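Reading the structure
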Amino acid sequence: MIKGMAHMKYNSYESIRDLYYKYFTSNSPYEDVGFESNEGDKFSFSLQNYLYFYIEMHKLSGSSEWVTLMEDTCNHILDNTDERRVEKGGLVITPLESPATETNYFQAPYPYQVEGTPAPGWGSFDGSEQPRLRVQVLQDGQIAGALCTVAHYIIENSIIATEGFADSLLAHSRRVINSHDNSYRYDTIIREQFVKGTYKYPERINGNDSVYGDAVPYNHCAGILKAALICNYYEPDAEYVNKAQSFMDFTRDTRVDVGDRFEWDYTLKNPGKSEDVNHGSYSLTMFYQAYKLGRLGITKEEMTKYTNSMINANKWPRVKKAYEKVNATEDMPSGEVFDIGKMAYFKEFNKNIAYFGRDLASSNYIAKFPSHFRAIATLLNNLEDYEL
């Protein structure tokens, strides 16, 4: 046990490893019931967290077991795209009809919906009583962003993995990114705001190349643009950089500088509704990746203010009821208390974010919860023993 961390239930590499294998002794998370595909967003909001957890655990130990888990999980994700599911007979996608049928995409980037062509990404059902399959930049971005992060980690650290593995992740991620090209718009006026660049969602059950008028929430753009920046690092693509830069400029135009931090709304569609910690973390991880790659002109001062925005969402010492919003309003849902711990590496801008994440993680626990695993491992990598 690490000294000074007795208050934290899982306070060492060994303890969080043992907890993981307590739940996954005979199978890995991707082999669990419900993880056969991204239906229910299981890849985009659950399984991808395990990939980040494996990276953090490998940083802590250097053990090849975590590389094997990265490979097996990524290969499972690649083998269950909509394309592969159609090839294997587990999914049927047909050209759009009127009225739409259960084998039509309810929503997908052009031309996949109208042509009935399975997308290279990962469709998910919308949770309605009559589930309708949709392919969105949000889910595809969260998954592709994680795949590219694994590839980046393996390549940059010269980690021994199956030959061609990292390259295959980047290659498929490029196909996913490109599949959403028709949904990106430059230099548009949206709700009286000049928007330099943003993704928009394709119109549902339409079939043509039109998109809805509103910009998607900032965080919906972030995952796929993070993936694009990593792909560009290995194979330059000016359009990837242009999209990321114009989106970054859009966020700069619409955030409010309140001195030591920024505040911003969740979306242009709902002015006055502040961004929440969970969704804000998606955007900030993209900004952080751009900062580390020296892209988009992001400065340390900007990153410090974004970090302070997350720290502002606190109610110390009552950390069990931490604020959810970056403008310090509303209580944080229990499932999101680990999002701060997952961002502990932002300590290079303000170490208090790691302390805040530590206190949240030490006072909350959800069994078999991927964000919990990821948060603890990230905290272990970013705080000294005496601080834990």
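Residues numbered from 1 in each chain as written. Predicted model: local features only at pLDDT ≥ 70, side-chain atom pairs only at ≥ 80, totals over all residues. Heavy atoms only, no water.

Observations regarding the overall build of the protein chain
Applicable threshold: Only runs of H or I of at least four residues qualify as helices and only runs of E of at least two qualify as strands under DSSP, and these elements are numbered from the N terminus. Computation of the radius of gyration draws on C-alpha atoms, with the globule rule given as 2.2 Å multiplied by the number of residues to the power 0.38. Residue exposure (1.4 Å probe, protein chains only): buried if accessible area is under 20% of the type maximum, exposed if over 50%, otherwise partly exposed. Note on contacts: a residue pair qualifies if any of its non-hydrogen atoms lie within 4.5 Å across the two residues. For every accessible area listed, the method is Shrake-Rupley and the probe measures 1.4 Å; residues are considered covered only by the protein chains on display. Think of it this way: Lys and Arg go in the positive column, Asp and Glu in the negative one, and His and the chain ends go nowhere. Every charge is mapped to an atom, namely NZ of Lys, CZ of Arg, CG of Asp or CD of Glu.
When its secondary structure is counted, the protein chain shows 13 helices and six strands. Its C-alpha radius of gyration of 20 Å places the protein chain within 12% of the 21 Å reference for a compact globule of 388 residues. Taken along its principal axes, the extent of the C-alpha atoms in the protein chain is 65 × 50 × 45 Å. When the 388 residues of the protein chain are sorted by exposure, 58% land in the buried category. Of all intrachain contacts in the protein chain linking residues separated by at least 6 positions in sequence, the fraction that spans at least 24 positions is 66%. As displayed, the protein chain offers around 15,700 Å² of accessible surface, 47% of which is attributable to carbon and sulfur atoms. On the protein chain, the mean spot of the 40 positive side-chain charges and the mean spot of the 53 negative ones are 6 Å from each other.

Describing the pattern of salt bridges
The following threshold applies: The salt bridge definition used is simple: a Lys or Arg side-chain nitrogen within 4 Å of an Asp or Glu carboxyl oxygen.
Using the criterion set out here, one finds 23 salt bridges in the structure. Close ionic contact of Arg 17 with Glu 65 constitutes a salt bridge, the shortest N to O distance being 3.3 Å. Highlighted residues: Arg 17 in helix 1 (residues 13-23) and Glu 65 in helix 3 (residues 64-78), separated in sequence by 48 residues. Between Asp 249 and Arg 252 there is a salt bridge, with its nearest N and O atoms 3.3 Å apart. Placement of the pair is Asp 249 and Arg 252 together in helix 9 (residues 238-254), with a separation of three residues, close to one helical turn. By relative accessible area, which is 21% here, Arg 252 ends up partly exposed. Where salt bridges share partners, they join Asp 79, Arg 84, Glu 87 and Lys 88 into one cluster.

Let's talk about the confidence of the model for the protein chain
The line we're drawing: For every residue, the predictor reports its confidence as pLDDT, a number between 0 and 100.
The share of residues in the protein chain with pLDDT of 70 or more is 90%, and the mean pLDDT across the chain is 90. Here residues 1-7 is a poorly scored stretch, pLDDT under 50, and it has 18 contacts once near neighbours within four places are set aside; other chains count. Below a pLDDT of 50 lies the segment residues 315-320, which in the model reaches 14 contacts outside its immediate sequence neighbourhood of four places, other chains included.

Points about helix 8 (residues 218-234)
Note the threshold: How far a helix is expected to stretch is found by multiplying one less than its residue total by 1.5 Å. Two axes enter the definition of the bend at a residue: one is fitted to the seven residues ending there, the other to the seven starting there, and the bend is the angle between them.
Over its 17 residues, helix 8 runs 25 Å from end to end, which matches the ideal 24 Å to within 8%, given 1.5 Å per residue. In the structure, helix 8 departs most strongly from a straight axis at Ile 224, where the bend amounts to approximately 25°. With 15 of 17 residues buried, helix 8 is to be regarded as a mostly interior element.

Quick word on the packing of aromatic side chains
For the record, the criterion: In this scheme Phe, Tyr and Trp rings, the latter by its six-membered ring, pair at centre separations within 6.5 Å, and the angle between planes marks the pair as stacked below 30 degrees, edge-to-face above 60, and tilted otherwise. In this scheme, the term charge over a ring applies when either NZ of a lysine or CZ of an arginine sits within 6 Å of the ring centre and within 35 degrees of the ring normal.
Applying the stated criterion across every chain yields a total of 31 aromatic pairs. Ring centres 5.1 Å apart and planes at 45° place the aromatic pair Tyr 20 and Phe 24 in the tilted group. By the burial criterion, Tyr 20 is buried, and Phe 24 matches it. Feature note: the residues Tyr 20, Tyr 21, Phe 24, Tyr 50, Phe 53, Tyr 54, Trp 66 and Phe 373 constitute an aromatic cluster, connected by ring pairs. Taking NZ or CZ as reference, Lys 42 lies 5.0 Å from the ring centre of Phe 35, over its face.

Observations concerning unusual backbone geometry
Between Ser 98 and Pro 99 the backbone carries a cis peptide bond, its omega angle lying at 0°. Along the chain, Tyr 110 connects to Pro 111 via a cis peptide bond; the corresponding omega equals 5°. With respect to the element layout, Pro 111 can be found in the loop between helix 4 (82-88) and helix 5 (112-115). Positioned with a positive phi, Leu 296 is a non-glycine residue whose angle comes to about 70°. Mapped onto the elements of the fold, Leu 296 is located in the loop between helix 10 (277-293) and helix 11 (300-312). In this structure, Lys 368 is a non-glycine residue whose phi angle is positive, near 55°. Its location among the elements puts Lys 368 in the loop between helix 12 (352-362) and helix 13 (370-382). Judged by its relative accessible area of 35%, Lys 368 is partly exposed.

Quick look at the environment of Phe 53
Locating Phe 53 in the fold gives a position in helix 2 (residues 42-61). With 161 residues separating them along the chain, Phe 53 and Asp 214 place their C-alpha atoms 34 Å apart. Discounting residues that sit within four places of it in the chain, Phe 53 has contacts with Ile 16, Tyr 20, Trp 66, Phe 373, Arg 374 and Ala 377.

Focus: the side chain of Ser 179
We apply this condition: Any pair of nitrogen or oxygen atoms within 3.5 Å is treated as a polar contact; in protein, a donor-acceptor pairing is required on top of that, and neighbouring residues in sequence qualify only through side-chain atoms on both sides.
Tracing the sequence through the fold places Ser 179 in helix 7 (residues 165-179). Of the polar contacts made by the side chain of Ser 179, one reaches the backbone oxygen of Val 176; its length is 2.6 Å. Here Ser 179 is in contact with Pro 109, Tyr 110, Tyr 112 and Pro 120, once residues within four sequence places are set aside.

Overview of the state of the cysteines
Note the threshold: The definition used for a disulfide is geometric: two cysteine sulfur atoms within 2.5 Å.
In this structure the tally under the stated criterion is zero disulfides. The closest cysteine sulfur to the non-disulfide-bonded Cys 74 is located on Cys 148, 9.8 Å from its own sulfur. Note on Cys 74: relative accessible area 0%, which makes it buried. Cysteine Cys 148 remains unbridged, with the sulfur of Cys 231 as its closest cysteine sulfur at 3.8 Å. The class for Cys 148 is buried, based on a relative accessible area of 0%.

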